[in-house]
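Examination of the molecular architecture
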Amino acid sequence: MLLRQDPSGIAPERALVFETLLPIPNFQKAAARIGFELLIEDRLDDAYEIPEELIDDYVEAAAPTLYAVMPSSADLQRMLQLWRAYQNAEEKPYGLAPWWKLFDMLADVRVWGPQDRLTPQAKAELLQELSENDADPIRLELEIWPTANMVQRSKWQNDTRARVEALGGQVLTISSINLDGFSYEAALIDMPSAAVRAMLRNPFSPDGLATIEGLQFVLPQTIAQSLPDLTDDEPTDRFDDLPPFDPDAPISAVILDGTPIAAHPALDGGVVIEDIHDLVRLSQVQHRRHATSMASLILRGDLEADGSPLSGARLLTIPVLVDDANGASSPRDRLFVDMVHIALTRAFLGDEPLAPDAFIVNFSIGVRRSHFAGQISSLARLLDWWADHHGVLFTVSAGNITEDLVIPNMTSIEFENSGQDRQTRLVEEAMRSTRHSRAILAPAEAVNVVTVGAASEDLSDPSMPLQAGMVSLSNDGEIQPAITSGVGLGAFRSIKPDYIHTGGQHDIRVFPAGNHLRLSVPNQNQRTGLHAATAQRGVASRYRVRGTSCSNALATRAHVNSATELLREEGPFAQQMLERRDLALITKALAINAARWPDNAVAYYESEKARLDGNHSAAREEVCRYFGHGHLNEIFMCEAPDYGATMVGTATVRKDRAVLFNVPLPPSLAGERIGRSMWVTIAWFSPVLPTRARYRLALLEAVPHGTDLLGELIEDDGWGLDMKAQQLDANIIKRGTVWSRRLINSSPVVPNYGEEAVLPIRIQCRDNSGGGLSPDDDIHFAVAVTLELETETRFDIRAEIENELRIRLQGRG
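Let's talk about the sheet that holds strand β20 (residues 470-471)
Within a beta sheet, neighbouring strands are joined by backbone hydrogen bonds and run either parallel or antiparallel to one another. Taken together, 4 strands build an open sheet; the order of strands is β18-β23-β22-β20 and the sheet is antiparallel. In the strand order of this sheet, the two ends are held by β18 (405-407) and β20, each with one partner. With 3 bridges connecting them, β18 and strand β23 (residues 516-520) associate as antiparallel partners. Across the sheet, Val-406 pairs through a bridge with Arg-518, a residue of β23. Set on the sheet, helix α12 (residues 420-433) makes contact with β18, β20 and β23; between it and β18 the angle comes to about 115 degrees.

Written as structure tokens, this is what we have:
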């Protein structure tokens, strides 16, 4: 039986709904004990079970409902017959006793119905939008079941329009995207508040909106947005010393956002605007702040600490938001998924694509109130499809959470006097207890994208002392996730965010709320933050900004600079024609490979492990929710550590096949006593299929090998250098589209090995979906391997490895 938490893509005529009495992971464990192997998307390792103190959180957030597609209508009816017999306390049929034990853990088994078309999140948001005036319209999105049957699709579209109009509503626009591997059928409608209220009260009404045949979901309109900036200080104009952009440099990156001020002194010559949605005229220049700031950070980094132009590249902006005094948001008369698809099509496809040389798209906007709760959004599915089919890398911000953080039963004075370590612990506890309401925002849950969270850190000094009523949780040199940064995990409990990056220091305002304490981050604060371009009072200026958008912009800059470094005249891929997919995957692998858990992440892991009675898996997951794979070190994306070497490769692999990479071992290290570490990272874009319970089809992993006395390959758990894994375990790194292993030496002495010794790393591919991956699909991937020594030595292992690689490449030639 295939059970899933995300109903997207299931066949409605054969869909059953299972409502469980237990949290989903515990239900999975209990079912396994009585002989059922349920293929649930959150496939956990054998030792994992939700600790009792976390169960309430999971019950509230996971909405313990599972969906199954039965092989046939007869099978569906047979399952319902068994459930009714159980409910009537009938004698269980011979051989079916395990089913009765399974039913003990269920509240209901029923066919897919109108109530399933309204998610808990959608219901809550629609209730907030209801007007007391029955005639006031509410804008909704109706997603229709995607099907390849043109006749059926046309009928469902016509039925939807007829029902909407019969209820006094209006269809504003429709979208029909039908691609190999991605389908999207949706209508944007206005409905009277009275009709929406009636649907929420009784979704089963035969004449209501939720009973339209072919309807999959009723959703609030998808509104993409950026946070408003309320700063109105005196304009700061210091742009005289900025070096110019190369006007002949290729466009290497695309940004989907609002409209930047292209003539701003910090951007002039570096950004090109293509107004394919006719939105520029709707955005007044004085309001074009967010896109201007993002373009500034991508093109020049922090204007105070850096300011150098993006290396050998320029930026294309396609506006998909309208800027106004309250920030920027997507147009209310269009379907945002459709807008993004059109923008990407114009950028990369056709006879004259706008950005044929670009490999990366910056997506520093989030969908309003779209906290990830198990169901992958249509927008995330679209980005996953584009990454797989066209080799585009998307860097997506984890999302900024604007709701205040509440610390119960504490006064402002107690908090301010408790010391920074205690303050940090209190914030961690508050974040943990509310993490599901602070989850990442769509489309950050997409499996093929790089999701970037914010670290609360600056690249320049504060401009003034800390004001009264404000606190800072940042110790000198300590890297803390910003409290406004969206919290993971992602789809299928994958590591999200993928990593955190510099997002501006977040000073916190502390104020009482009854017996509790509220913490907020004022976005108009100019004491700290990253220096970026903007417009103030109609004048080109610069100001300080912070948040996941900023960290994502700097991450995009790091990926582009890394690609330029790879292709430069003396770089490792000089004079090689790397395709878009190659650059996307290589920089994706290098970024994860360059991420490190800071010391306070390791300390947090130890404290969580103690709190969870030694549960290593749960403790690691808790750390990954905030830090991901770690804090990005941009330098390691362009060069190796001081006492180390980094190797990069690309290849393709097919289902149930493997590729062998021979990593040269430095001859001088054999038998030496020295500390050492190694990072091995694989990055790929997986084919995805919403009709499978396991949406991500391809799983890649690396297996170390040695050789026996006969020269046969054998598995080598020490990775050739007597190494052992640390931090992330083998289970959690298998859930996404990055596989990354961190290793340190088990003993101080390097094993002896001969001249020309290699570490064979076998990279293998298997079907993660239970039959969805074709054996003919070529899965492109990149691999990065870093070997680093603990201290300086008389050996130059980088030169030794480079020489060995050069000799072998010449031999192959």
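A word on the side chain of Thr-317
Mapped onto the secondary structure, Thr-317 falls in strand β12 (residues 314-319). Residue Thr-317 is classed as buried on the basis of its relative accessible area, which comes to 1%. If we skip the residues at most four places from it in the chain, Thr-317 touches Ile-255, Gly-258, Pro-260, Val-271, Val-272, Ile-273 and Glu-274.

Notes on the packing of aromatic side chains
All chains considered together, the criterion is met by 14 aromatic pairs. Where Trp-385 meets Trp-386, the ring centres are 5.7 Å apart and the plane angle is 85 degrees; that geometry is what we call edge-to-face. Under the relative-accessibility criterion, Trp-385 is labelled buried at 7%. By relative accessible area, Trp-386 is classed as buried at 0%. Among the aromatic residues, those joined into a cluster by ring pairs are Trp-83, Tyr-86, Trp-99, Trp-100 and Phe-103. Over the ring of Trp-679 we find Arg-596, and its NZ or CZ is 3.7 Å from the ring centre.

Some remarks on the pattern of salt bridges
Per the counting criterion, the structure on display carries 31 salt bridges. One salt bridge connects Arg-544 with Asp-458, and the closest N-O pair in it is separated by 3.5 Å. Here Arg-544, found in strand β25 (residues 539-545), pairs with Asp-458, found in the loop between β19 (450-455) and β20; they are 86 residues apart in sequence, far enough to count as distant. Its salt-bridge partner being Asp-498, residue Lys-496 comes within 3.0 Å of it at the nearest N-O pair. The pair Lys-496 / Asp-498 is uniform in exposure class, with both members buried.

Quick word on the environment of Leu-590
With respect to the element layout, Leu-590 can be found in helix α14 (residues 580-593). In this structure the C-alpha to C-alpha distance between Leu-590 and Met-637, which are 47 residues apart in sequence, comes to 5.4 Å.

Some thoughts on the environment of Thr-502
Positionally, Thr-502 belongs in strand β21 (residues 499-502). Remark: the alpha-carbon pair of Thr-502 and Thr-548, spanning 46 residues in sequence, is separated by 8.7 Å. Those residues in contact with Thr-502 that lie beyond four places of it in its chain are Ala-455, Glu-457, Leu-459, Leu-530, Cys-550, Ser-551, Leu-554 and His-631.

Concerning the packing of helix α9 (residues 336-348) against helix α10 (residues 378-390)
Angle between the axes and distance between the axes: these two values describe a pair of packed helices. Running from N to C, α9 and α10 point in directions that differ by 15 degrees, and their axes come no closer than 9 Å. Between α9 and α10, the interaxial angle falls into the category roughly parallel. Considering the relative orientation of α9 and α10, their crossing is right-handed. For the pair α9 and α10, the contacting residues are Phe-336, Val-337, Val-340, His-341, Leu-344, Thr-345 and Phe-348 in the first and Ser-378, Leu-379, Leu-382, Leu-383 and Trp-386 in the second.

What counts and what doesn't
Residues numbered from 1 in each chain as written. Predicted model: local features only at pLDDT ≥ 70, side-chain atom pairs only at ≥ 80, totals over all residues. Heavy atoms only, no water. Pairing = 2+ DSSP bridges. Helix = DSSP H or I, 4+ residues; strand = E, 2+ residues; numbered from the N terminus. Contact = heavy atoms within 4.5 Å. Axes fitted to C-alpha atoms, helices over the stretch in contact; angles between N-to-C directions. Buried < 20%, exposed > 50% of the residue type's maximum accessible area, 1.4 Å probe, protein only. Phe/Tyr/Trp six-rings, centres within 6.5 Å; stacked < 30°, edge-to-face > 60°. Lys NZ or Arg CZ within 6 Å of the ring centre and 35° of its normal. Salt bridge = Lys/Arg side-chain N within 4 Å of Asp/Glu carboxyl O. Parallel < 35°, antiparallel > 145°, perpendicular 65-115°, else oblique. Left-handed = near helix turned anticlockwise from the far one by under 90°.

Function cannot be inferred from these measures alone, as they are strictly geometric.
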